[in-house]
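Examination of the molecular architecture
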Amino acid sequence: MKILSNEKVIKRNTQIGKYASIAALIILAGGMVASFTMQNNPNTVYLSFGALMLGFVISQFGIYFGNRFGRRPRIDERITAALKGLTKDYTLYHYLAPVSHLLVGPAGVWILEPYYQRGTITYEKNRWRQKGGGFMLGYLKIFGQEGLGRPDLEVQADLDGMRAALKKSFGDDLPPLNASLVFFDPRAEIQADEAPHPTMKIDQLKDFLRKQAKENPLAPEQVKRITDLLPKESVE
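Residues numbered from 1 in each chain as written. Predicted model: local features only at pLDDT ≥ 70, side-chain atom pairs only at ≥ 80, totals over all residues. Heavy atoms only, no water.

1. With respect to the nonpolar core
To keep it simple, the criterion reads: The nonpolar core is taken to be a set of buried Ala, Val, Leu, Ile, Met, Phe, Trp, Tyr and Cys residues, with the residues joined through side-chain atoms within 4.5 Å. In this scheme, a residue with accessible area under 20% of its type's maximum is buried, one over 50% is exposed, and one in between is partly exposed, where area comes from a 1.4 Å probe on protein chains only. Here a strand is any run of E in DSSP of at least two residues, a helix any run of H or I of at least four, and the numbering for each starts at the N terminus. Working rule for contacts: check all heavy atoms of both residues, and any pair within 4.5 Å makes them a contact.
Counting residues in hydrophobic clusters, the biggest one holds 30 residues, and the most contacted among them are Leu102, Val104, Trp128, Met162, Ile226 and Leu230. The set of elements that each furnish at least two residues to this core consists of strand E3 (101–105), strand E4 (108–115), strand E5 (119–124), helix H5 (151–170), strand E7 (177–183) and helix H7 (220–229). When residues of this core are assigned to their parent elements, the largest contribution, five residues, is made by H5. Once residues lying within four places of it in the same chain are set aside, the contact partners of Trp128 are Ile121, Thr122, Tyr123, Leu148, Pro151, Asp152, Leu181, Ala192, Ala195 and Thr199. Formed by 20 residues, the second largest nonpolar core is a distinct cluster that contains Ile79, Leu103, Trp110 and Phe184.

2. What to know about the packing of helix H1 (residues 7–37) against helix H2 (residues 44–70)
In a pair of packed helices, the angle between the axes and the distance between the axes together describe the arrangement. Defined as follows: Between N-to-C directions, angles span 0 to 180 degrees; the directions come from axes that are lines fitted to C-alpha atoms, helices contributing only their stretch in contact. Oblique is the label for every angle not falling under 35 degrees (roughly parallel), over 145 degrees (roughly antiparallel), or within 65 to 115 degrees (roughly perpendicular). With the far helix as reference, a near helix turned anticlockwise by less than a right angle produces a left-handed crossing, and one turned clockwise produces a right-handed crossing. Each residue receives one of three labels: charged for Asp, Glu, Lys and Arg, nonpolar for Ala, Val, Leu, Ile, Met, Phe, Trp, Tyr, Cys and Pro, and polar for the others, Gly being one of them.
It is the contact of H1 with H2, at a shortest axis distance of 7 Å, that shows an interaxial angle of 160 degrees. The orientation of H1 relative to H2 falls into the category roughly antiparallel. Pair H1 / H2 crosses with left-handed handedness. Of the residues that constitute the contact of H1 with H2, the class distribution is 17 nonpolar, 12 polar and no charged.

3. As for the environment of Lys214
Looking at where Lys214 falls in the secondary structure, it is placed in helix H6 (residues 205–215). Considered as a pair, Lys214 and Leu181 are 33 residues apart in the sequence and their alpha carbons are 21 Å apart.

4. Quick look at the pairing of strand E2 (residues 91–94)
Spelled out, the test is: Pairs of strands are assigned from DSSP output, requiring at least two bridges between the strands.
In E2, alternate side chains face the same way, and those of Thr91 and Tyr93 on one face and Leu92 and His94 on the other are all buried. Both strand E1 (residues 2–5) and E2 contribute to a ladder of four bridges, which runs parallel. Its bridge partner lying in E2, Leu4 is registered against Tyr93. With four bridges joining them, E2 and E3 adopt antiparallel strand pairing. For Tyr93, the partnering residue across the bridge sits in E3 and is Leu102. Hairpin connection from E2 to E3: six residues lie between these consecutive antiparallel strands, with Tyr95 at a positive phi of about 60 degrees.

In structure tokens, the structure reads:
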């Protein structure tokens, strides 16, 4: 498997996550100090509340970028490790295509959507939900972990972006585009058999793709046409 990464983007976003987290802590601490040292000032409550809100917003940027770029192994590194052993006919793109993580090969064109949430992940009545975890999970959703959000909208946006990028060259002969929701936390329990897109843990991904390559392979000439449109080497 050939692996291509945009190291420039990875380094930049790692710095954003680090400095956003530091800035959030400083602002939150400043608000707390102001509330204790300026109690006789009627404007203190507004200052403290403003610092709390600003620090919270900036912390969300830190969490977003930290989840993706601040932890080691990073998400791109974990995807690469999970797919190790796929044949040389595959190319894995990290932050180089119209989507963050893209795999092209005999199994087809796959957008890999990473998720970090724990608990029970369900898809029922056309809705995604994250259940379980009690008080601690609720706390993490606010202060330490992104919520599940709307995977349906996120996946559709990536599919539309990828489709638009390829359609310029393929026209109506566009090959099928696929997306998979991939969960990285071993404490996640997936109950999404009826989800519109395959949903699984990271350690199930390679076997799933090998099965796809056997049951519904993408022709080598189609694979080449797609990879010819995408970057040929990593960006340092």
